[in-house]
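Residue strings, one per chain:
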Amino acid sequence: MKIGLVGNQNSGKTTLFNLLTGMNAKIGNWPGVTIEKKVGNLKNTDIEITDLPGIYSLSPYSMEEEISRKFIFEEKPDVIINIVDSTALERSLYLTTQLLELDTKVIVALNMADELEKKGIKIDESKLEKELGAKVLKISALKATGIDELVNEIKNAKTFAETKIYDAKLENAIENIKNKLTPNVHHKRFIAVKLLENDERFKELNMADIKTIAKNLSQNYETDLEETIATERYLFIEKAKKNSFKQSIKRESLSDKLDKVFLNKWLAFPIFVAIMFLVYYLSVGVIGSFTVDWVAGIMDLFGEKVSTFLSNVGTSEMINSLVVQGIIAGVGAVLGFVPQLIILFICISVLETTGYMSRIALLLDKLFRKIGLSGKSLIPFIVGSGCSVPGIMGTRIIENQDEREMTSILTPFIPCSAKLPIISLFAGYFFPENSGLISASLYFFAIIVIIVSAIIMKKFIYKNTSSTYIAELPEYKVPSIKYVAKDVFDKVVAFIKRAGSVILICSIAIWFLVSFSFNMEYNVNIEDSMLASIGNKISWIFEPMLGTKSWGATVSAIQGLVAKEQVVSSMAVINGLADDIEAGEEIFSSNGVFGFFTAASAYAFMVFNLFSAPCFGAIGAMKRELGGTKKMLKAVAFQTIFAWLLATLVYQIGSRIEQGIFSAADLIVVGAILLVVIVILIKKDKNKECAGCPYCADCNKK
Amino acid sequence: MKKIGDKCVLSDLKVGQKAKVLRLNETNKAIRRHLLDMGITRGTVVAVKKVAPMGDPIDIELRDYELCVCKADLDKIEVEVMG
């Protein structure tokens, strides 16, 4: 038996799903999209339950709705459990009226029954059942009440007669269309209504005579049929509610009182900054980095033990190295992120379930929407300043797929803590008096890069999303520990599976290229390794930003893919030093491999390493969030090419300043021109908002 | 401030004011459908409850719940002020 769990966002759907399936749910993605798909068996049965995305309607306009429709039509569930927030009955029943138009059996589960008394609400489920024409039960997923009755109902679900909710003319038209549909078509009533709404997805069924029925019908109403039908649904719901729902006087809710503080004009931002600081401190600050070091320590110890064991049983040094320095190091890299991710996911889950996350989106929406991002995009950026991996994983909080993808690709542009050694090496040596200023300038650079990239991506890649904000504002709630724990567990497992594979394979690949020469000689000096030969062959790519061909710089940049800290240690090793040397005088010694660096090429190389493809950990995380290898590769290409262009620009201008061809004044003028260009690009998008709006005279936007 | 009986757009209202929806002028089909699905239909009574600290989006109360909508979309909803 197959069941679909359908309901609005914030209706307690996930809590109910967890309750019904326990730990046996499998989590993946719906094919082709980054929307989560959860399927599990009802405990102790082989009844399969699929958790569908939170939706408010079954229109043809969003990915979530399309997934749900597809599921209903193609996977043909036997029963649909419609979970309803009984404290928001009117809005919730809108989806219910559409589900009732299907042939599938529907059970309406009025959730949050425990809150009804608190709010002075009384619902008579038997009266509501008569009005709707479907089984209605009260449950509380949180307190686990009414669940046995629900399970019983599922096993013995009944079919009800069709409920006619529209006026006579509409119902007539629906019957006429139903008769025109071929006999083997399922969900005739649902399709008939959708055809009247001129639903794109049922175009093939929309024959000429059906179009005529629709045309004739629409002449009876002031608005088009899509609006008329929506209005009629709500009229029906209002009537059904009147007969079964009573609410005594509403006092000011706790949420309203809290919002007076959290959305207060003066307090909102300081409180937000404080909370963000806490999230940062916990996940990537002191506590987070402590866990990274702790895991690294454990992995080192484990590696040593395995190495000893392997040499004791007689394996060669090469296999020993493969296992310890390739595989265990790779696995260690994945596991190294796990404690940080756990902390981060706990923070995010708490922010979401308490309802504060919606307030964050409100706070920042106005600013971020200008460049095509969500207000929630700030959180991945803040976390990303510590480490991109949890930052990218944190983009889950953004509902809109395009905004989420853009944020995932932009997060690595923020300098993470692994990039700090690069900054302190280059800035410290080449700009000794201004190293602080130079370091700070890179963060501002990053912000500008993000804004410009966002605008470019919006204009050329994600041009179809309309910029809008329409979202329910949930009430503040106390988070459930059980819910948060399961949420965090699911997300971490998903990371290890999806991102872990990328990290592991790539770490082994780099180990291989560094350890062997093309003659398959093992344990060669780095200048004889395959990586160095490759570096030599492609060093011309870096010439425009360095002023010369350098296999050493090329190899170091490639090793930065494993972990950005490795750029510095790689340079040290290449210059014949121990890998933990970080002193500029030793690495940039004039007769050494990197003696050619000047201040201009140093800044350019820094820029490249900061903005090019992030480490494999972040690339793996991007694969998880973008939903596939193809998109991940495109993102990496975008970042690297952008970084290359920027670094080349920096060197070409910088070297000319060094040679006296350009002056600082030239730079300021060019900077001003760029700023004007950016502002024009942003302004141009604003004009799109005015198109189609006839209220110019009264407009308060000019 | 708009007075009772005035016809204007939803973004003109101040916190605490109530109005009846008259018309949806949104031309983008997906956005328009979303507004309808969320309950903003002709004759619905909405109340402006809260405003985001930067003035946009705006939180309106309707049908026993709260919906935040950006000003750009509220500009295209014609209403009649009720209080």
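Before reading on, note that the structure itself is shown above.
Residues numbered from 1 in each chain as written. Chains lettered and ligands numbered in written order. Predicted model: local features only at pLDDT ≥ 70, side-chain atom pairs only at ≥ 80, totals over all residues. Heavy atoms only, no water.

Draft legend 1. Up close: the pattern of salt bridges. All names here are of chain A. Counting across every chain of the model gives 50 salt bridges over all chains. For the salt bridge of glutamate 162 with arginine 189, the shortest nitrogen-to-oxygen distance reads 3.8 Å. Of the two residues, glutamate 162 is situated in the loop between α6 (147–155) and α7 (168–180) and arginine 189 in helix α8 (residues 188–196); the sequence distance between them amounts to 27 residues. Take glutamate 162: its relative accessible area is 38%, and that puts it in the partly exposed class. (Salt bridge = Lys/Arg side-chain N within 4 Å of Asp/Glu carboxyl O. Helix = DSSP H or I, 4+ residues; strand = E, 2+ residues; numbered from the N terminus. Buried < 20%, exposed > 50% of the residue type's maximum accessible area, 1.4 Å probe, protein only.)

Draft legend 2. Structural context of the interface of chain B and chain A. Listed by partner, the interface residues are 43 residues for chain B and 55 residues for chain A. Contact between chain B and chain A buries roughly 4200 Å² in total, counting both sides, with carbon and sulfur atoms accounting for 53%. Counting the contacts that link chain B with chain A gives 13 salt bridges. Summed over the shared surface of chain B and chain A, the number is 21 residue pairs in polar contact (both at pLDDT 80 or more). Elements that contribute at least two residues to the side of chain B that touches chain A include exactly α1 (29–37), β3 (45–51), β4 (58–62), β5 (65–69) and α2 (71–74) of chain B. It is α1(B) that provides the largest number of residues to the side of chain B that touches chain A, a total of 9 residues. For the side of chain B that touches chain A, the per-class residue count stands at 18 nonpolar, 7 polar and 18 charged. (Contact = heavy atoms within 4.5 Å. Buried area = accessible area lost by both parts, 1.4 Å probe. Polar contact = N/O pair within 3.5 Å; in protein donor to acceptor, adjacent residues only side chain to side chain. Nonpolar A, V, L, I, M, F, W, Y, C, P; charged D, E, K, R; others polar.)

Draft legend 3. Geometry of the environment of B:Cys70. Residue position: B:Cys70 is located in the loop between β5 and α2. Accessibility expressed as a relative area gives 0% for B:Cys70, which makes it buried. Non-local contacts of B:Cys70, meaning those with residues more than four positions away in its chain, are made with A:Arg369, A:Thr468, A:Tyr469, B:Asp56 and B:Pro57.

Draft legend 4. Spotlight on the pairing of β4(B). Residue and element names in this part refer to chain B. Most of β4 is tucked away, with 4 of its 5 residues classed as buried. Across 4 bridges, the pairing between β3 and β4 is antiparallel. Paired with lysine 50 across the strands is aspartate 59, a residue of β4. The pairing of β4 with β5 spans 5 bridges and is classified as antiparallel. Each bridged residue has a counterpart across the sheet, and for isoleucine 58 the counterpart in β5 is valine 69. Counting the residues that bridge the hairpin from β4 to β5 gives 2 residues, and of these arginine 63 lies at a positive phi of roughly 45°. (Pairing = 2+ DSSP bridges.)

Draft legend 5. Main features of the environment of A:Gly40. Residue and element names in this part refer to chain A. Positionally, glycine 40 belongs in strand β3 (residues 36–41). Along the primary structure glycine 40 and valine 679 are separated by 639 residues, whereas in three dimensions their C-alpha atoms are 50 Å apart. Setting aside chain neighbours within four positions, we find glycine 40 in contact with Phe17, Thr21, Asn24, Ala25, Ile47, Glu48 and Ile49.

Draft legend 6. Focus on a nonpolar patch on the surface. Residue and element names in this part refer to chain A. On the surface, Ile657, Ile661, Phe662, Leu667 and Ile668 cluster together into a nonpolar patch covering about 460 Å² of accessible area. Position of isoleucine 668 relative to the elements: it lies in helix α30 (residues 664–690). You can call isoleucine 668 exposed: its relative accessible area is 63%. (Patch = residues over 30% accessible without salt bridge, like charges linked within 9 Å, V, L, I, M, F, W, Y side chains within 5 Å. Areas by Shrake-Rupley, 256 points an atom, 1.4 Å probe, with all protein chains shown as cover.)

Draft legend 7. Examining the packing of helix α14 (residues 317–354) of chain A against helix α21 (residues 481–515) of chain A more closely. Residue and element names in this part refer to chain A. α21 packs onto α14 with a crossing angle of 150° between their chain directions and a minimal axis gap of 8 Å. Comparing their axes, α21 and α14 come out roughly antiparallel. Where α14 crosses over α21, the handedness of that crossing is right-handed. Taken together, the residues of the contact of α14 with α21 break down into 22 nonpolar, 8 polar and 2 charged. (Axes fitted to C-alpha atoms, helices over the stretch in contact; angles between N-to-C directions. Parallel < 35°, antiparallel > 145°, perpendicular 65-115°, else oblique. Left-handed = near helix turned anticlockwise from the far one by under 90°.)

Draft legend 8. Main features of unusual backbone geometry. Cis geometry marks the peptide bond from B:Asp56 to B:Pro57; its omega dihedral reads -5°. For B:Pro57, the location among the structural elements is in the loop between β3 and β4. In this model, A:Asn10 sits at a positive phi of 65°, which is unusual for a non-glycine residue. Here A:Asn10 shows up in the loop between β1 (2–7) and α1 (13–21). Under the relative-accessibility criterion, A:Asn10 is labelled partly exposed at 36%. Even without being glycine, A:Asn44 reaches a positive phi, approximately 65°. Residue placement: A:Asn44 occurs in the loop between β3 and β4 (48–51).

Draft legend 9. Up close: the state of the cysteines. Residues and elements named next belong to chain A. Inspection of the entire model under this criterion finds 0 disulfides over all chains. Of all cysteine sulfurs, the one in cysteine 387 lies closest to cysteine 347, which takes part in no disulfide; the gap is 14 Å. What makes cysteine 347 buried here is its relative accessible area of 12%. (Disulfide = S-S within 2.5 Å.)

Draft legend 10. Highlighting the nonpolar core. In this structure, A:Ile360, A:Phe426, A:Phe495, A:Met571, A:Phe588, A:Phe597 and A:Phe611 are the most contacted members of the largest nonpolar core, which totals 113 residues. A domain split of this core shows at least three residues from each of domain 2 (262–416 + 427–448 + 458–504) and domain 3 (523–688) of chain A. Ignoring sequence-local partners within four residues, the contact set of A:Phe495 consists of A:Val334, A:Phe337, A:Leu341, A:Val389, A:Met393, A:Gly500, A:Ile503 and A:Arg624. Ranked by size, the runner-up nonpolar core spans 83 residues in total, among them A:Val6, A:Tyr166, A:Tyr221 and B:Leu10. (Core = buried A, V, L, I, M, F, W, Y, C linked by side-chain atoms within 4.5 Å. Domains from an automatic or database assignment.)

Draft legend 11. Structural context of the packing of aromatic side chains. Residue and element names in this part refer to chain A. Throughout the structure, instances matching the rule amount to 30 aromatic pairs over all chains. A ring pair is formed by phenylalanine 337 and phenylalanine 495, whose centres lie 6.4 Å apart and whose planes are at 90°; its orientation type is edge-to-face. Residue phenylalanine 337 is found in helix α14, and its partner phenylalanine 495 is found in helix α21; the two are separated by 158 residues along the sequence. Pair check on accessibility: phenylalanine 337 and phenylalanine 495 agree, each one buried. Where phenylalanine 445 meets tyrosine 603, the ring centres are 6.3 Å apart and the plane angle is 40°; that geometry is what we call tilted. One end of the pair, phenylalanine 445, is in helix α20 (residues 435–460); the other, tyrosine 603, is in helix α27 (residues 599–611), and 158 residues separate them in sequence. The exposure class of phenylalanine 445 is partly exposed, given its relative accessible area of 21%. Judged by relative accessible area, which is 13%, tyrosine 603 ranks as buried. Taking NZ or CZ as reference, lysine 194 lies 4.7 Å from the ring centre of phenylalanine 190, over its face. Looking at arginine 233, its charged tip hangs above the ring of tyrosine 94, at a distance of 6.0 Å from the centre. (Phe/Tyr/Trp six-rings, centres within 6.5 Å; stacked < 30°, edge-to-face > 60°. Lys NZ or Arg CZ within 6 Å of the ring centre and 35° of its normal.)

Draft legend 12. Quick peek at the sheet that holds strand β8 (residues 135–138) of chain A. Residues and elements named next belong to chain A. With mixed pairing, the 7 strands of this open sheet are ordered in space as β2-β3-β4-β1-β5-β6-β8. Edge positions in the sheet fall to β2 (26–29) and β8, since each has one partner strand and no second. Adjacent strand axes in the sheet meet at a mean angle of 25° when their direction is disregarded.

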